[in-house]
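Here is what each chain is made of, one letter per residue.
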Amino acid sequence: MTTRRTVLGWAIAPLLRSASLPEQSAAIVLGRSFPDPAISYLFLDAASGRVICSRWIDPGKRIPVGSLVKPFTALAYGETRNFQFPTVVCKSEESRCWLPQGHGRIDLKTAIAHSCNAYFLELAANVDREALDAVARRFSLNSPDLGSGPATLIGLGTMWRISPLSIAQAYIELTARSAEPGVGTLLAGMALSAKLGTGRGAGPGAYVKTGTAPCLDELRHAGDGFAIALYPTSAPRFALLVRAHGVPGAQAAVVCGRMRRALASGAGW
Ligand SMILES: [Zn+2]
């Protein structure tokens, strides 16, 4: 994708040549309202997977995306277990979760909503490699390296790198496959995330997943927050992927929510 710095941000000048008027207005609204260079975004049409507007230097470059990989690892687990998912007890540090007090007894839907590491480490330890590769192919994602451990399969560390464009389009594909086994539960978890989980900052009426990943951008930040929102839940028209440098995923979700409101009020999207 061509990127060019302008007064409104990256990648707007190329859009002005080819984009429709509404698409230009979306680019201008986001460029004006979110000038902070620590914030990157991709705003996509969920029907076609096409980028409506963006500000993301090299969105095709593979980077760690943290917990955004969790739904795909869960699907791989389900492939070989008739999509029967366990209940796990998260005891926090003992369970290697990020939440100090732990999430307690948790099922797949709630684990997606709260992005529980303990839950997904348990699934990832039992994922069949061929199933994971099959899921990755189905969603046009690159697989992690052979021999990757459970931590990599839930998005910890830097080993499983996926381009922002690919992960956004994989989520669009996920919503398109809502009737397939396991997917409905994942989407219910993402809707719950928007209501009361790590994604609640992204606002209502969306399927949301958050992630936090090591920042490889000259290692300037301890971690970068990611949030993707697909909305409306009745039949997603848009996918908005946000990365905010130096904050956790829940905070990236707050930025995502502000962008949704700006797009709705400022550009009619
Ligand atoms: Zn947990």
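Because the structure is a prediction, the values reported are computed rather than measured.

Caption draft 1: Main features of the state of the cysteines. Scanning all chains against the criterion turns up zero disulfides. Here Cys215 stays unpaired: no disulfide links it, and the sulfur of Cys256, its closest cysteine neighbor, is 19 Å away. Of the cysteine sulfurs around Cys256, a residue in no disulfide, the closest is that of Cys53, at 12 Å. Using a relative accessible area of 0% as the deciding quantity, one classes Cys256 as buried.

Caption draft 2: Structural context of the sheet that holds strand E4 (residues 51-55). With respect to topology, five strands assemble into an open sheet ordered E4-E3-E11-E10-E9, the strand pairing being antiparallel. Two strands bound the open sheet, and with one partner strand each, they are E4 and strand E9 (207-213). Averaged over all adjacent pairs, the angle separating strand axes in this sheet is 10°, with direction ignored. Where strand E3 (residues 39-45) meets strand E11 (residues 238-245), seven bridges bridge the pair, whose relative direction is antiparallel.

Caption draft 3: Focus on the packing of aromatic side chains. Enumeration over the complete set of coordinates arrives at nine aromatic pairs. For the ring pair Tyr231 and Phe238, a centre distance of 5.6 Å and an interplane angle of 50° mean the geometry is tilted. The same class applies to Tyr231 as to Phe238, namely buried. Connected via pairs of aromatic rings, a cluster forms that spans Phe43, Tyr231, Phe238 and Trp269. The positively charged end of Arg81 is found above the aromatic ring belonging to Tyr77, 4.5 Å away from the centroid. Taking NZ or CZ as reference, Arg260 lies 4.2 Å from the ring centre of Tyr231, over its face.

Caption draft 4: Looking closely at the coordination of the zinc ion. Taken together, the protein ligands of the zinc ion are Cys90 (SG), Cys97 (SG), His103 (ND1) and Cys116 (SG), with distances of 2.0 to 2.4 Å. Coordination at the zinc ion is tetrahedral, judged from the four donor atoms that bind it and the angles of 102 to 122° they form at the metal. Here the donor residues of the zinc ion share one chain and are spaced in sequence as C-x6-C-x5-H-x12-C. Taken together, the residues span a long stretch of sequence, with Cys97 in the loop between strand E6 (88-90) and strand E7 (104-106) and Cys116 in the loop between helix H4 (108-114) and helix H5 (117-124) at a distance of 19 residues. Cys116 matches Cys97 in its accessibility class, with the two residues each being buried.

Rules used throughout
- Residues numbered from 1 in each chain as written.
- Predicted model: local features only at pLDDT ≥ 70, side-chain atom pairs only at ≥ 80, totals over all residues.
- Heavy atoms only, no water.
- Disulfide = S-S within 2.5 Å.
- Buried < 20%, exposed > 50% of the residue type's maximum accessible area, 1.4 Å probe, protein only.
- Pairing = 2+ DSSP bridges.
- Helix = DSSP H or I, 4+ residues; strand = E, 2+ residues; numbered from the N terminus.
- Axes fitted to C-alpha atoms, helices over the stretch in contact; angles between N-to-C directions.
- Phe/Tyr/Trp six-rings, centres within 6.5 Å; stacked < 30°, edge-to-face > 60°.
- Lys NZ or Arg CZ within 6 Å of the ring centre and 35° of its normal.
- Donors = N, O, S within 2.8 Å, 3.2 Å for Na, K, Ca; no water.
- Tetrahedral: all angles 85-135°; square planar, octahedral: opposite > 155°, others 65-115°.

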